[in-house]
Amino acid sequence: MRMLDYLRILRDRWVLVTACALLGAVAAVAVVLGSTWRYASSITLYVSSTDHTPTANTAYEASLLAQQQVQSYARLLDSERVANELATRIGGAMTPQQLQAEITASAIPQTALLRATVTDTSAGRAQRVAEALGPAFADVVDSLESHADGAPSPVRISVVDDAAVPDGPISPRPRLDVLLGVAVGLLVGAGAAVLRETADTTVKTVGLLRAAVCGPVLASVGTLDESHLEAVREHRSPRAEAYRSLRTNLQFLNVDRPVTTVTVTSSIAGEGKSLTACNLALSLADSGRKVVLIDADLRRPQICGYLGLRGYNGLTSVLAGSTPLEQAMIVSRREGLLVLPSGPIPPNPSELLGSARMAQLLEQLKQDADILVLDSPPLLPVTDAAILAHISDGAILVAQYGRTRREHVTRAVEQIKAADARLLGAILNRMPSRGGEADSYSYYGYAAVPPGFQIAEAEAK
Ligand SMILES: Nc1ncnc2c1ncn2[C@@H]1O[C@H](COP(=O)(O)OP(=O)(O)OP(=O)(O)O)[C@@H](O)[C@H]1O
Ligand SMILES: [Mg+2]
């Protein structure tokens, strides 16, 4: 995957990534609030010799001795003996064991310095204990180093850095911990997004659909709102652009074998066949062609509903010979567009559609119309659409962004081929409005139109 693919995945699945980042922040806040806050206060001690007659040699030796002893003193600093002395000095409720557990000590290498840190759940107490630790330690060293004859200790302990009251806790660190939580959440979210994307086999780009159908993608249609049929009523509406692009690209397919009968189908239910058939028919009528839109979905007819028409009789009544074609046909408000509703739902749709009478009817309709647009049921569950594709000049396969899987498309294309029908191309429907794919594609569609053709289109409107 290229960097751009990763960015697209993050953009498409931003909800998941943001949710994980928020979850990380909430978890970090919970940990911060739930944990015991600890404060640290430190002191630095200096170990020196008390030899008062230093020659150059003895001074050097004394300092060397102090440096060597500092290691042992570091051990002594957090010892039980110092803790006992400390407990006596500060009094209060803390036992020597509790005090000992709070002290950590180390020697600063190559120096005669010692550093001791007291960690406590109270900032004030940490400072008080650390403050008392210096003198307590000096007393213990004094008593350990004093000679039996009462001579003073050769070593002196002085406090270099006093214990200060800590400004904030050493753990937790609220800001850092929340930032860390967000960072971990973002990483987990990004990982989950990439995993989900890898497992997602739905068509999401024009390129993927093109590869799945092994043919052209005639248009990519964005997500329309409630007034989707209004879209094509306004010529300049950007929502109608995709259907104009479809109409234009369909005309390019005319070159060797004119397309006068188009079946609009898809692999599974609800991908937008009926809406596409209506909008394509309206768009074709807009360009001055005589169009007949036939609701050949004899299982779930929707054309009349979308166009706001009412027609009890229709295709099935004409095929059954109960109604003359002229009576079943509805003249729509849009100039150039005739609609043949489905008629009553029959028990044997596939038989009716595959009948010789159906083929004759299409021939008859073609006498007066420039193009017939047929709506159909989905290809995978029933054979009707394959039959319709066979008796028409070809099929347009609608695929729904993020819903239709690549294997659905492949199987649908196989069905069309098995019916000895022509796949005119595919449509990627319900592309999200954000993202440049839909726009760049329709731009490409128009850029590909020869200038002369565009002028003819404009004149026709
Ligand atoms: N581009 C789109 N933008 C927004 N909604 C859409 C779009 N295309 C289709 N829809 C909606 O999706 C639903 C199904 O659309 P439509 O009826 O055209 O699908 P269909 O493939 O004909 O379904 P069926 O298989 O049941 O015949 C409808 O509610 C329709 O309004
Ligand atoms: Mg439909």
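Above this note sits the structure.
Residues numbered from 1 in each chain as written. Chains lettered and ligands numbered in written order. Predicted model: local features only at pLDDT ≥ 70, side-chain atom pairs only at ≥ 80, totals over all residues. Heavy atoms only, no water.

### Comments concerning the packing of aromatic side chains
What describes a pair of aromatic rings is the distance from one ring centre to the other and the angle between the planes of the rings.
Okay, so step 1: Scanning the entire structure with this criterion turns up 1 aromatic pair.
Okay, so step 2: Centre to centre, the rings of Tyr 73 and Phe 137 are 6.1 Å apart; their planes meet at 80 degrees, and the pair counts as edge-to-face. Here Tyr 73 is found in helix 3 (residues 56–77), whereas its partner Phe 137 is found in helix 6 (residues 123–145), with 64 residues between them in sequence.
Okay, so step 3: A residue is classified by how much of its surface remains accessible, and Tyr 73, at 5% relative accessible area, is buried.
Okay, so step 4: The class for Phe 137 is buried, based on a relative accessible area of 0%. (Phe/Tyr/Trp six-rings, centres within 6.5 Å; stacked < 30°, edge-to-face > 60°. Helix = DSSP H or I, 4+ residues; strand = E, 2+ residues; numbered from the N terminus. Buried < 20%, exposed > 50% of the residue type's maximum accessible area, 1.4 Å probe, protein only.)

### Observations concerning the pattern of salt bridges
Okay, so step 1: All told, the structure shown has 15 salt bridges when counted by the stated rule.
Okay, so step 2: The salt bridge partner of Arg 8 is Asp 12, with a shortest N-O separation of 3.3 Å. Placement of the pair is Arg 8 and Asp 12 together in helix 1 (residues 3–12), with a separation of 4 residues, close to one helical turn.
Okay, so step 3: Given a relative accessible area of 22%, Arg 8 falls into the partly exposed group.
Okay, so step 4: Between Lys 204 and Glu 197 there is a salt bridge, with the nearest N and O atoms lying 3.9 Å from each other.
Okay, so step 5: If you follow the salt bridges from partner to partner, you end up with Arg 8, Arg 11, Asp 12, Arg 13, Glu 197, Asp 200 and Lys 204 in one network. (Salt bridge = Lys/Arg side-chain N within 4 Å of Asp/Glu carboxyl O.)

### A short note on the coordination of the magnesium ion (ligand 2)
Okay, so step 1: Looking at the metal site, the magnesium ion (ligand 2) is ligated by Ser 274 (OG) and Gln 302 (OE1), spaced 2.0 to 2.3 Å from it. Residue Ser 274 is located in helix 10 (residues 273–286), and its partner Gln 302 is located in the loop between strand 7 (291–295) and helix 11 (303–307); the two are separated by 28 residues in the primary sequence. (Donors = N, O, S within 2.8 Å, 3.2 Å for Na, K, Ca; no water.)

### Considerations on the packing of helix 2 (residues 14–34) against helix 7 (residues 174–199)
Okay, so step 1: Helix 7 packs onto helix 2 with a crossing angle of 150 degrees between their chain directions and a minimal axis gap of 7 Å. Between helix 2 and helix 7, the crossing angle belongs to the class labelled roughly antiparallel. Crossing geometry of helix 2 relative to helix 7 is assigned as right-handed. In this structure, helix 2 uses Leu 16, Val 17, Cys 20, Ala 21, Gly 24, Ala 25, Ala 28, Val 29 and Val 32 to contact helix 7, whose residues at the interface are Pro 174, Asp 177, Val 178, Gly 181, Val 182, Gly 185, Leu 186, Gly 189, Ala 190, Ala 192, Ala 193 and Arg 196.
Okay, so step 2: Residue composition of the contact of helix 2 with helix 7, by class: 15 nonpolar, 4 polar and 2 charged. (Axes fitted to C-alpha atoms, helices over the stretch in contact; angles between N-to-C directions. Parallel < 35°, antiparallel > 145°, perpendicular 65-115°, else oblique. Left-handed = near helix turned anticlockwise from the far one by under 90°. Contact = heavy atoms within 4.5 Å. Nonpolar A, V, L, I, M, F, W, Y, C, P; charged D, E, K, R; others polar.)

### Topic: helix 10
Okay, so step 1: Between its terminal C-alpha atoms helix 10 stretches 20 Å, which fits the 20 Å expected from 14 residues at 1.5 Å a residue.
Okay, so step 2: With 14 of its 14 residues buried, helix 10 lies for the most part within the structure.
Okay, so step 3: In the segment just after helix 10, Gly 288 is the residue with positive phi, at about 95 degrees. (Expected span 1.5 Å × (residues − 1).)

### A closer look at the side chain of Ser 287
Okay, so step 1: Summarising the element assignment, Ser 287 is placed in the loop between helix 10 and strand 7.
Okay, so step 2: A distance of 2.3 Å separates the side chain of Ser 287 from the side chain of Arg 289, its partner in a polar contact. (Polar contact = N/O pair within 3.5 Å; in protein donor to acceptor, adjacent residues only side chain to side chain.)

### Comments concerning the sheet that holds strand 3 (residues 113–120)
Working definition: the strands of a sheet are paired by backbone hydrogen bonds and lie parallel or antiparallel to each other.
Okay, so step 1: One open sheet holds the 4 strands; their spatial order is 2-3-1-4, and the pairing between them is antiparallel. Looking at which strands have only one partner, the edges of the open sheet turn out to be strand 2 (103–108) and strand 4 (155–161). Mean inter-strand twist for the sheet, computed between neighbouring axes without regard to direction, equals 25 degrees.
Okay, so step 2: Across 8 bridges, strand 1 (residues 39–49) lies against strand 3 in antiparallel orientation. (Pairing = 2+ DSSP bridges.)

### Some points on a nonpolar patch on the surface
Okay, so step 1: Taken together, the side chains of Met 3, Leu 4, Tyr 6, Leu 7 and Leu 10 define a hydrophobic patch exposed on the protein surface, amounting to about 500 Å² of accessible area.
Okay, so step 2: Assignment of secondary structure puts Met 3 in helix 1.
Okay, so step 3: Residue Met 3 is classed as exposed on the basis of its relative accessible area of 62%. (Patch = residues over 30% accessible without salt bridge, like charges linked within 9 Å, V, L, I, M, F, W, Y side chains within 5 Å. Areas by Shrake-Rupley, 256 points an atom, 1.4 Å probe, with all protein chains shown as cover.)

### So, the site of ligand 1
Okay, so step 1: The local shell around ligand 1 holds 18 residues, among which Leu 224, Lys 273, Ser 274, Arg 300 and Tyr 306 are the closest.
Okay, so step 2: A distance of 2.8 Å separates an oxygen atom of ligand 1 from a polar backbone atom of Gly 270.
Okay, so step 3: At 3.1 Å from an oxygen atom of ligand 1 is found a main-chain nitrogen or oxygen belonging to Glu 271.
Okay, so step 4: Taking 630 Å² as the accessible area of ligand 1 by itself, protein coverage stands at 86%.
Okay, so step 5: Those elements giving two or more residues to the shell around ligand 1 turn out to be strand 5 (217–222), helix 10 and strand 12 (423–431). (Near = heavy atom within 4 Å.)

### Some thoughts on helix 8 (residues 206–213)
Given 3.6 residues to a turn, an α-helix orients residues that are three or four positions apart in the same direction.
Okay, so step 1: Buried residues of helix 8: Val 206, Leu 209, Ala 212 and Val 213, and no others. Taken around the axis of helix 8, the buried residues stretch over an arc of 125 degrees, which confines them to a single face.
Okay, so step 2: Phi turns positive one or two residues past the end of helix 8, at Cys 214, with a value near 55 degrees. (Arc of directions from axis to C-beta.)

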